Structures are given as structure tokens and as C-alpha cells.
Amino acid sequence: MTSENHGTVKADPPMVMSPTGSTSQPAPLSPSTSKPIQELPDEMIQAGWSKCWSKRENRPYYFNRFTNQSLWEMPVLGQHDVISDPLGLNAAPASGEALSDTGLGNGQRKRHPSEDASQAGPNSFKRPKVEIPVTPTTPTVPISPSTPGVKPWANATDDKQSQASVPAPAPYRPSVVYWDLDIQTNAVIRERAPVNHLPPHPEIELQRAQLTTKLRQHYHELCSQREGIEPPRESFNRWLLERKVVDKGPDPLLPSECDPVISTSMFREIMNDIPIRLSRIKYKEEARKLLFKYAEAAKKMIDSRNATPDSRKVVKWNVEDTMNWLRRDHSASKEDYMDRLEHLRKQCGPHVASVAKDSVEGICSKIYHISAEYVRRIRQAHHTLLKECNISVDGTDSTEVQDRLVYCYPVRLSIPSPPQPRVELHFENDMSCLRYKGEMVKVNRGHFTKLELLYRYSCIDDPRFEKFLSRVWCLIKRYQVMFGSGVNEGSGLQGALPVPVFEALNKKFGVTFECFASPLNCYFKQFCSACPDIDGFFGSRGPFLSFSPASGSFEANPPFCEELMDAMVTRFEDLLERSSEPLSFIIFVPEWRDPPTPALTRMESSRFRRHQMIVPPFEHEYRSGSQHICKREEMYYKAVHGTAVIFLQNNAGFAKWEPTTERIQELLGAYKVSGRSLPSPGPSSTSTGDKDSKPAQERTPKSQDNSSPVDKTAPDTTNT
């Protein structure tokens, strides 16, 4: 645990591998004294070295808390450190071989950072004074990746086996890596206090999962019983996203305090499927059958609802006219049927919508109030669990926060975490399987290793990894429930840009931060995500709509929910308006033009827009939202829609990361399809035409569109 003392943070030393190969805590050299005797020069101590005692070998060794390195012999400052300096560029020259400060032996002289600063051009911007926060919100030392052969979450049995000199298995190394966790952030924020979210626990997460699944079932039943339709695909997932834009409730997943109660997203999508869902058509017979079904469903609905006489008259007349046309004209083409369907929908659609309005609003209201009741139950159970562990949730956090700029750091919780129950881990081929009370979640071993690294970099309250497995279980369970249980359902919420695109963004535009991501799909180790209570232990900076950077270069690939994208643009413009430091946002959104989305229209007309480009359909791809569990050959999917890439920058950001022609060309080159992508997956029942390029997350118009016989759909290639 950490404690604050005169402005400094003391963190427990991490678990390390001693030179003997055993896993242990570094012990002070003199166990008989309360203070460790550091028989080292001040320079060595400042570099992170301390002298420790090996109980097994009964002799001293030297441990570096910055790199987790341990040596039998006293280290020499400036020696070649293969961990932090693999090429030896910063190593001190050997005795007798020292080179003069003016040369490197090849006619070149090594430049110092001070020289780079002194030669800055007149248009360069001074970097704001940024400090690493010295409150308990950030660890004092960067924790290196795991020591080879060591299981950081090892229990007592594992320690005994290690002490018995049993050779540890080689660490798992993924063959393909879809992230770069070595890139440091340039995102600067004002120091902030820990948040008061309740700490995660498997028992509570299991209850939340069960209640969320039950809420999905209620939604399915209400749509079927009241409107005779299946719930629109992904509409529940988009409802969760849209509600979180306005929700002020305490639960990280389910909404409970929203105004208005009626969700515009859920209402719009249900209305768009009334009286029947219209799918894309490829063949003549399908068009004829769809026209017949629509006419029959419209007549049935107008007869069974409390419609006005005029509405009944209009709908019945148009339906009878359509039926007569179908009986007598057998030589019509597919286009003829589609034109007729468009005309029928235009005539009957407004009357059908008016009789269904109250019923659909009732569905939306019912689902919201059930969700609020479930949140109350979860909250009550969580408080009971913390009370049993003697953890108070009513006290105010006493952490002092200074008004200063710091590099962004992960979300910290103000409430201590309770003891965690046992979570079992085993491996099945390339999958890591974690089980709690019979509930098993899976993640491939590459992403499991990634979560371990993120946890090492970001978590400060669990240096011995005693809570690691339970938190990984909670994390995967949370996103599993958020996705839903359908085939490919929800995976569009976690889609991501290809790795070459991220590399180009970082190299050419200084991007080091993702505005919409998760620990499972992030490329950088600094990102914003939807669930700060659990994601914070793995590097999340919290939800983007409550994130306030003062400077930095950011990538934004939001979930394709219109309400969320609109709120995102409002946030961008507010941040750009307030900051005079370099600030840049590169946004990736679908090119929806029929009709255009408010978010796209606002960004195109924004005074902060510096450049815009369109990546054509079929010429780019995205990483699957199920990348943490899918097969390697299913990782990429080709996009069948255009993607708009928009640069929003203030003046300082434009001067520093200007989207020049050369930089844009390199970014477009990184988008080239590799040939490894697959057609978009998804159940064939949702569409008879071309599928979306990602697990289908569809767009529905703001209001029921009676001018077109098919739904406007677009693949979701997005993050949470």
C-alpha cells in the first residue's frame, strides 16, 4: 500500500527475481535494524539501487527498484544496461577508451538535449511545465515488464516450488503484437483527486452480469409481446452507450439517473423496425415477398390499434391497391417492387408510427426503470460487502491535490479495495481461462500478457499481484456482458484501427493517446474507456467526456452511436477553445451522408478543422472487436463504407502537428489493405445484401425514413 509523507510517495517494492532465481521481496541488509543500512553512494541510491539480503543464499545482493534488476556484484553507474539501453548508446566509455566530448570516434559529436532546446526555431512552442504527481495517484517508479520466468500472481505453493529450485517455465511470448506499450504520453492534464467509484469485486460483477442479462431478456420479451418484432440488432448496446452520455447514476454499466427517461436511440430504432424490419434485397423474389409482408403487417397493425378513421382509411386503401397490383402484375422487376415498397412506406409509415408511438415509449420507459431498480440492488449488495470488510464508503477523501499540470495518469479509486476471492487460472492451448464460482471467462494468452503489463504499469495498490486474477476476471466479464451473447454481437464496440495506422499516427502526428478504447483493444498504454472502476487498474484515464487534457495529440475512434459522437464533438470544441497549448484530435467516423450525422456536419464546419480526408470503402480494414478471443486469421475485417478522418487542432496544435501533404500520404499508405482481412461476419438473417465490414452495428435515422425501403446500415469499427 502507499502512504503520503511530506509530498513523497513510498510504494512497496515489487516482487522480483533474486539472482538465485527465487521470487521474493527485497529484504533490507540488516534485519535487526528498523531502517535499512544503504552502504551505497548517493548517486547509486538516486539511480534506484539498494542493498538487500538474500535469505536463501545468506549474502547481500543489489536491487534496482526502477528496472527490477538484481545483481550479486555492486553495479557500476553508466554501464551498459540491456534493459533500458539495449544498444548501449548511453553507456559510459570504458577506462582508457574515453572519447572526447567533441567526438564519438566517427567524426560526429553526441548532441545533448539542452542543445536541441537551444536550437528550437522561432515557431516552436515551449513545453508546459509538467511534473509527475507526487500524490498517491501515481507510482513513484516505472515498473518494468514481468521478469522472465516469474508468475507475479504466484501463491505460496508456487513460492515453495521456486525455492526447491524447480526451473520456471519460459514466459509466453505472443507471435504477433497489436500494441506498443513503450510509447510515453504527451497528454498533459491538471492534477486530479481519486474518484469515489466502488472498487470492483467478482461477487458484485457476477451479480451485475446476471441482472444485465436479465434486462436484455426483458427487452426481447417487450419487443416481441407489444410490437411483434425482434429487438433491433445491437440496439440494447447502443442504448447503454446513449444513456451513459446523460446518466449521472453510480453504476459503471447500467443507467439509473437519466433525463429524459425515454431513450431517443432505443425509440428511434424500434420505430424503424415497425411494422417489420426491412433488409437489403438482392433478388426479385425477395423484393416481392418483402412488399407483401410490409402491406400485410401495416394492415394488421392499423386494425389492432386505436387509430383514427382517417388513418385506417389511408392505410387500408394503399394496402388493397398494393395487393391488387401484386395479383395482376407478375412480370415486374426487382426495381418495380422496390419502388412500390417505397411508395407504400411513404403513404402508410406516418400513420403506423402514430399508433405505435405510445407503446414504444412504454418499452423504453419500462427498460429504464428496471435498470434503475437493478442498479439499486447492485449498489446495496456492494455496500454490504464493503461494510463486512470494515471499509467505509461515506468518508471524504483527504488527498491534497495541487493546482498544477502533470502528465496524465490512470484513474485512482479513493475507496480501498476489499480482499479478493480466489480465481482459478489454467491454460487451454492459446487461451487463458479464469474461473470464479463456475463462471469462466477466456482471453488469448497474448492479451493476457498484455493485461499483465498494463497492470504493472498502472496499478499501485497491489505490488504482489494478489488481486490481479480477480480484477482480470471482472474486466473480461464486464466487457463480455457489455457485448451481449449473440453471434458477433457487440464486438463492433471494441473494433480498432490497424497497427500500421497507429504507427503512422504516432510517427507523423505525435499521437500517444486513444480517446475511446479499453484494456483489451488499446494500442497505447494511456487511453480513455467506459469503465473507470475496473479499467483504471489497467491504464484507463476514465471516460473521455469527463477527461480534460490541456495539451497533447489524440486519436478518437468512437462507438458509432450518434448521441455519443455528438457529445464527443461538443467536448472537442470546448477543450480546443480553452487551451492555448498544442492540442490535436484526429477523429475517425463513418461517412454517413444519407442523411449526414450531426457530429460529422459539425466537425466539417468547425473553425478548428484543419484537414479532412475520406478513406474509400473496400480500401481499408479494421481490427476485430473480438481480438482478445478470436483466431488470428479472423483479426482483420474489410470496411465496405467510407471513413472520414478529420483533424481538429488549435493554433498551437496545428503549428506542431500540421497535417501536411507528406504526412497525409504516409497515413493513407498505412491504411492499405493487407489482403489478410475477411468479409464482415454477422447472421444472414439481418440482411440479404452486402454485410457490414465489422460485426454489424447499424445506424438508424433520427426519425423513421419513409423515403427509402431499406435500413441505412454501416459497419461499426469502433472503441468503447
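Cut-offs applied
Residues numbered from 1 in each chain as written. Predicted model: local features only at pLDDT ≥ 70, side-chain atom pairs only at ≥ 80, totals over all residues. Heavy atoms only, no water. UniProt positions renumbered as here; feature names shortened; annotations may be inferred. Helix = DSSP H or I, 4+ residues; strand = E, 2+ residues; numbered from the N terminus. Buried < 20%, exposed > 50% of the residue type's maximum accessible area, 1.4 Å probe, protein only. Contact = heavy atoms within 4.5 Å. Areas by Shrake-Rupley, 256 points an atom, 1.4 Å probe, with all protein chains shown as cover. Core = buried A, V, L, I, M, F, W, Y, C linked by side-chain atoms within 4.5 Å. Pairing = 2+ DSSP bridges. Expected span 1.5 Å × (residues − 1). Arc of directions from axis to C-beta. Phe/Tyr/Trp six-rings, centres within 6.5 Å; stacked < 30°, edge-to-face > 60°. Lys NZ or Arg CZ within 6 Å of the ring centre and 35° of its normal. pLDDT = per-residue confidence, 0-100. Axes fitted to C-alpha atoms, helices over the stretch in contact; angles between N-to-C directions. Parallel < 35°, antiparallel > 145°, perpendicular 65-115°, else oblique. Left-handed = near helix turned anticlockwise from the far one by under 90°. Nonpolar A, V, L, I, M, F, W, Y, C, P; charged D, E, K, R; others polar. Patch = residues over 30% accessible without salt bridge, like charges linked within 9 Å, V, L, I, M, F, W, Y side chains within 5 Å. Salt bridge = Lys/Arg side-chain N within 4 Å of Asp/Glu carboxyl O. Lys, Arg positive; Asp, Glu negative; His and termini not counted. Charge placed at Lys NZ, Arg CZ, Asp CG, Glu CD.

For the protein, an unreviewed UniProt entry supplies the name mRNA (2'-O-methyladenosine-N(6)-)-methyltransferase and the organism Phoxinus phoxinus. Looking at the protein in UniProt, the text filed under Subcellular location (unreviewed entry) is "Nucleus". Annotation of the protein in UniProt includes, under Sequence similarities (unreviewed entry), the sentence "Belongs to the CAPAM family."

Visitor: Got a sec to walk through the overall build of the protein? Specific residues and values, please.
Guide: The helix and strand tally for the protein stands at 17 helices and 20 strands. The proportion of buried residues among the 720 residues of the protein is 52%. When contacts within the protein are restricted to residue pairs at least 6 apart in sequence, those whose partners lie at least 24 apart make up 72%. Counting only carbon and sulfur atoms, one obtains 50% of the accessible surface of the protein, whose full area is about 33,100 Å².

Visitor: Tell me about the nonpolar core, and name the residues and values.
Guide: The biggest cluster of nonpolar side chains holds 119 residues, and the ones touching the most others in it are Ile270, Ile274, Leu434, Leu505 and Phe538. Ranked by the residues each element gives to this core, the list is headed by helix α9 (residues 334-388), at 19 residues. With sequence-adjacent residues up to four places away left out, Phe538 is seen in contact with Leu451, Leu454, Tyr455, Ser458, Phe468, Arg471, Val472, Leu475, Pro519 and Phe527. With 35 residues, the next largest nonpolar core counts Phe554, Met565, Ala599 and Phe608 among its residues.

Visitor: Requested: an account of the side chain of Lys477, with residues and values cited.
Guide: Its place among the elements puts Lys477 in helix α11 (residues 468-483). Excluding residues within four positions of it along the chain, Lys477 makes contact with Glu205, Ala209, Glu439 and Val441.

Visitor: Describe the pairing of strand β6 (residues 49-54), with residues and values.
Guide: Across the 6 residues that make up β6, a large majority, 5, are buried. Strand direction decides the pairing type here: β6 and strand β7 (residues 59-64), joined by 6 bridges, are antiparallel. Bridge pairing in β7 places Ser54 opposite Arg59. Counting the residues in the hairpin turn of β6 and β7 gives 4 residues, including Asn58, whose phi is positive at 60 degrees.

Visitor: I'd like a description of helix α8 (residues 309-328), backed by residues and values.
Guide: For α8, built from 20 residues, the straight-helix expectation of 28 Å at 1.5 Å per residue is met to within 8% by its first-to-last C-alpha distance of 29 Å. Buried within α8 are the following residues: Ser311, Val315, Asn318, Val319, Thr322, Met323, Trp325 and Leu326. Down the axis of α8, the smallest arc covering the buried residues is 160 degrees, so these residues share one side. The exposed set on the far side of α8, more than 90 degrees from its buried face, consists of Pro309, Asp310, Lys313, Trp317, Arg327 and Arg328. Along its buried surface, α8 packs onto α7 (284-304) and α9.

Visitor: Break down the packing of aromatic side chains for me, with residues and values.
Guide: Applying the stated criterion across every chain, the model contains 25 aromatic pairs. Both rings, one in Phe513 and one in Phe547, keep their centres 5.0 Å apart while their planes meet at 15 degrees; by these two values the pair is stacked. Note that Phe513 is positioned in strand β14 (residues 513-514) and Phe547 in the loop between α13 (532-535) and β15 (549-556), a separation of 34 residues in sequence. The same class applies to Phe513 as to Phe547, namely buried. An aromatic cluster is built from Phe513, Phe516, Phe544, Phe547, Phe554, Phe572 and Phe585, whose rings are joined through pairwise contacts. Sitting over the ring of Tyr409, Arg192 keeps its end group 5.8 Å from the ring centre.

Visitor: Can you tell me about the confidence of the model for the protein, naming the residues and giving the values?
Guide: Averaged over every residue, the pLDDT of the protein is 79; residues scoring 70 or more account for 73%. Segment residues 133-150 is flagged for pLDDT under 50; beyond a separation of four residues in sequence, or across chains, it makes 65 contacts in the model. Residue range residues 681-698 is modelled with pLDDT below 50. Its contacts to residues more than four positions away, or to other chains, number 72 contacts.

Visitor: Would you mind going over the packing of α8 against α9 in detail, with residue names and values included?
Guide: Helix-helix packing is characterised by the crossing angle of the two axes and by the distance between the axes. Two elements in contact, α8 and α9, have axes whose closest approach is 9 Å; the angle formed by their N-to-C orientations is 165 degrees. The angle between α8 and α9 places the two elements in the roughly antiparallel class. Between α8 and α9 lies a crossing of left-handed hand. Where α8 approaches α9, its residues Ser311, Val314, Val315, Asn318, Val319, Asp321, Thr322, Trp325 and Leu326 are matched on the opposing element by Asp336, Tyr337, Arg340, His343, Leu344, Gln347, Cys348 and His351. Here the contact of α8 with α9 is built from residues that sort into 8 nonpolar, 6 polar and 3 charged.

Visitor: Lay out a negative patch on the surface with the relevant residues and their values.
Guide: On the surface, Glu335, Asp336, Asp339 and Glu342 cluster together into a patch of negative charge. Along the chain, Glu342 falls in helix α9.

Visitor: How would you summarise the sheet that holds strand β13 (residues 439-444) if you had to cite specific residues and measurements?
Guide: Strand order in the open sheet formed by 3 strands is β11-β12-β13, and the pairing between neighbours is antiparallel. Pairing within the sheet leaves two strands with one partner each, and these edge strands are β11 (424-428) and β13. Adjacent strand axes in the sheet meet at a mean angle of 25 degrees, parallel and antiparallel pairs treated alike. Direction of pairing for strand β12 (residues 431-436) relative to β13: antiparallel, over a ladder of 6 bridges. Its bridge partner being in β13, Leu434 is matched across the sheet by Val441. This element, helix α10 (residues 445-458), spans β11, β12 and β13 of the sheet and lies at about 95 degrees to β13.

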